[in-house]
Amino acid sequence: MGAESYKTPLHDRHESHGADMVNFSGWRMPLWYPSGAVTEHRSVVTNVGMFDTSHMSVVMVQGPNAFELLQRCFTRDLRCCCGRDGVPLKPGRSVFGAFLSQAGETVDDSVVFQMTAENYMVVVNAGMGATIAGHLEAHKGAFLVKATDMTGQVGKIDLQGPMSAKVLQRVLKSPDEVLGNMRCFSFRGSLVEGSIGGDAGSIRGIPVIVSRTGFSGEFGFEIFVTPDRLAEVWESLLVGGEEFGLIPCGLAARDSLRTGAILPLSHQDMGPWPFINNPWDFALPFNHDRTGFTKDFVGEVVLGLRESADHTLPFVGRDPRKVEIHDPAVVVDSEGREIGVVLTCVADMAIGRHSDRIYSMGSPDKPEGFKPLGLSCGYVKVKSKLTRGEVVELRDHRRSIKVTIVDDIRPDRTARRPMGEMLQRKESLP
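Throughout, a residue's number is its position along its own chain's written sequence, starting from 1. Residue-level local features of this predicted model are given only where pLDDT is at least 70; pairs of side-chain atoms are given and counted only at 80 or more, and the full residue set underlies all totals for whole chains, interfaces and linings. Values shown for side chains rest on all heavy atoms present in the structure; no hydrogens or waters enter the calculation.

Chemist: Describe in detail the pairing of strand β5 (residues 57-62), supporting the description with residues and values.
Modeler: Note on classification: 1.4 Å probe, protein chains only; a residue is buried when its accessible area is under 20% of the maximum for its type, exposed when over 50%, partly exposed between these limits. Only DSSP runs of H or I covering at least 4 residues are called helices, and only runs of E covering at least 2 are called strands; the numbering of each starts at the N terminus. In terms of burial, β5 is largely enclosed, as six of its six residues are buried. Residues of β5 alternate between two faces, with S57, V59 and V61 on one and V58, M60 and Q62 on the opposite face, all of them buried. For two strands to be treated as a pair, DSSP must find no fewer than two bridges joining them. Note: β5 against strand β8 (residues 119-124), six bridges, orientation antiparallel. When the sheet's bridge partners are listed, M60 is paired in β8 with M121.

Now the structure itself:
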């Protein structure tokens, strides 16, 4: 790619609106807007925010054996992966999982969307389209299937926050048909042979795919559109969301939101180590008693590494102070021994403590007058499992902070709330 970064179709708009631009995974992206990362983060938790995510890559997997190839290479068992009942993946549904190497290490995480029985859209991280397409091609054997890297050929906008459905009501041609009873990890529309269409209707006459997914932990949508119409959809959403306090958001808020929601950043929180003993190993196809897997797949050796592999665990601090992971930052136990490293450390500025309990700005039972100062949070990778509630110290060359190992971080997230409930929700400006 060279030294020059790629630019999304919204690059000039970001700059003209004062965004602080940075290089991220080979793309020139907004870090934050003049509103600031704290305001952007809180807006998504309480109201609605919008992200340019066109740096993400799309891989199309097509052919008579597309299902079989994904079963071989993707960690989820597509025969029983959707919802609490574990029903099969079907057209209009999607699922989160990972692609692993033969050694059981993460190549990338992904969301797989089934368009038809022979047509799948695989959304992976920035710069990973060619890698995942190559990974699939390398493992297809005699399967009749083709994996195509479509990096730069699909634009994407993330509309996230409790008011996001109300924004879509203002701009979709047929909002009731698109949004009616839409479940988490379901979508309307299709991408076939590079053409977006299907039953998602349109935004101002522009065909889109509307997916009830995202990377914030809050109720929201991902909107896929051809790059040449991306700017029109962006502007339509800004106008439609004005009465709900919609603001554009950058990578900093995206990072702090996803961390507070226990979501991983690939190649930072999961990487060249065994994909197990982490908060996301639900994406592995464990059998009922977790003694084996329900299918054979690339990387299944990871099961045998469970006893020896490091443990990745979430933590929450006592205030917003952070350590710098690139310093580097280490984890120290109560006896002063280094036991691991810090993978992510950010501040979730929508949460705070009251009487030893963590509340979010979105908590329905938060104390009257609750104004959080924020809490540091993130993930550590340690040699042995730590128990919930255990206190450890994080150290870089500037400071040390004490944090607590937890199962969850930001409470009362809205990502999985019923559509009907969210359409009735009242806005609450941060």
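Chemist: Break down the sheet that holds strand β16 (residues 209-211) for me, citing the residues and quoting the values.
Modeler: Across a sheet, paired strands are connected by hydrogen bonds in the backbone, their directions being either parallel or antiparallel. Overall, mixed pairing links the six strands, which are arranged β11-β16-β17-β10-β4-β18 in an open sheet. In this open sheet, the two strands that pair with only one neighbour each are β11 (187-188) and β18 (247-249). Contacts are assigned to residue pairs with any non-hydrogen atoms lying within 4.5 Å of each other. Axis geometry follows a simple rule: fit a line to the C-alpha atoms, using only the stretch in contact for helices, then measure angles between N-to-C directions, giving values from 0 to 180 degrees. Docked against the sheet, helix α7 (residues 230-240) engages β4 (49-52), β10 (155-160), β17 (220-225) and β18, running at close to 15° with respect to β10.

Chemist: Give me the lowdown on the sheet that holds strand β7 (residues 106-116), citing residues and values where you can.
Modeler: Sheet architecture is open: five strands sit in the order β6-β7-β8-β5-β9, paired in antiparallel fashion. Of all the strands in the sheet, just β6 (94-100) and β9 (146-149) have a single pairing partner and so form its edges. Here the strands of the sheet are splayed against their neighbours by 30° on average, with no regard to which way each runs. Here β7 runs beside β8; their pairing, made up of five bridges, is antiparallel.

Chemist: Describe the side chain of S110, listing the residues and the values that go with them.
Modeler: You can see S110 is positioned in strand β7. Distance and chemistry together define a polar contact, namely a pair of N or O atoms within 3.5 Å, with one atom able to donate a hydrogen and the other to accept it when in protein, and with adjacent residues in sequence counting only for side-chain atoms on both sides. Only 3.1 Å separates the side chain of S110 from the backbone oxygen of V123, close enough to count as a polar contact. Leave out the neighbours within four places in its chain, and S110 touches F74, V95, F96, G97, F99, V122, V123 and V124.

Chemist: Tell me about the pairing of β17, and please be specific about residues and values.
Modeler: With six of its six residues buried, β17 lies for the most part within the structure. In β17, alternate side chains face the same way, and those of G220, E222 and F224 on one face and F221, I223 and V225 on the other are all buried. Where β10 and β17 come together, six bridges link them in antiparallel fashion. By the bridge assignment for β17, K156 is matched with F224. Of the strand pairs in this sheet, β16 and β17 are connected by three bridges, and their pairing is antiparallel. When the bridges of β17 are listed, S211 appears paired with E222.

Chemist: Describe the packing of aromatic side chains, with residues and values.
Modeler: Only Phe, Tyr and Trp rings take part, Trp by its six-membered ring, and two of them pair if their centres are within 6.5 Å. Stacked means planes under 30 degrees apart, edge-to-face means over 60, and tilted covers everything else. Applying the stated criterion across every chain yields a total of 10 aromatic pairs. Ring centres of F74 and F99 lie 5.2 Å apart, and the angle between their planes is 50°; on these two criteria the pair is classed as tilted. Linking F74 in the loop between α3 (66-73) and β6 with F99 in strand β6, this pair joins segments that are 25 residues apart in sequence. One exposure class covers both F74 and F99, and it is buried. Each ring, one from F113 and one from F224, has its centre 5.7 Å from the other, and the planes form 80°; the classification is edge-to-face. With a gap of 111 residues between them, F113 in strand β7 and F224 in strand β17 connect regions that are remote in the sequence. Aromatic rings pair up to connect F113, F187 and F224 into one cluster.

Chemist: Could you give me a rundown of the side chain of H11, with the residues and numbers involved?
Modeler: Along the chain, H11 falls in helix α1 (residues 11-16). When sequence neighbours within four positions are dropped, the list of residues in contact with H11 reads M21 and R28.

Chemist: Please provide a residue-by-residue account of the packing of helix α2 (residues 37-46) against helix α8 (residues 251-260), values included.
Modeler: The interhelical angle for the contact between α2 and α8, taken along N-to-C directions, is 50°, at an axis separation of 8 Å. With respect to α8, the element α2 is oriented oblique. Judged by the twist between their axes, the crossing of α2 over α8 is right-handed. Listed contacts from α8 to A37, E40, H41, V44 and V45 of α2 are A252, A253, S256 and L257. Residues are grouped as follows: Ala, Val, Leu, Ile, Met, Phe, Trp, Tyr, Cys and Pro are nonpolar; Asp, Glu, Lys and Arg are charged; every other residue, Gly included, is polar. Class assignment of the residues belonging to the contact of α2 with α8 gives a composition of six nonpolar, two polar and one charged. For classification purposes, angles smaller than 35 degrees are called roughly parallel, those larger than 145 roughly antiparallel, those between 65 and 115 roughly perpendicular, and all remaining angles oblique. Handedness of each helix crossing follows the sense of rotation of the near helix against the far helix: counterclockwise by less than a right angle gives left-handed, clockwise gives right-handed.

Chemist: Any details on unusual backbone geometry? Residues and values, ideally.
Modeler: Most peptide bonds take the trans configuration, and most residues that are not glycine carry a negative phi. A cis amide bond links D327 with the next residue in sequence, P328, at an omega value of 0°. At D356, a position not held by glycine, the phi torsion is positive, near 65°.

Chemist: Before we move on, can you summarise the pattern of salt bridges with the specific residues and values?
Modeler: By convention in these notes, a salt bridge is any Lys or Arg side-chain nitrogen within 4 Å of a carboxyl oxygen on Asp or Glu. Within this structure, the stated rule accounts for 23 salt bridges. A salt bridge links R258 to D269, with the shortest nitrogen-to-oxygen separation between them at 2.5 Å. A residue pair is termed long-range when its members are at least 10 positions apart, and R258 in helix α8 and D269 in the loop between α8 and β19 (311-317) qualify at 11 residues. The class for R258 is buried, based on a relative accessible area of 0%. Classification of D269 by relative accessible area gives buried; the value is 1%. Of the charged contacts in the structure, one is a salt bridge between D333 and R337, with a shortest N-O distance of 2.8 Å. Look at R337 and you get partly exposed, because its relative accessible area is 48%.

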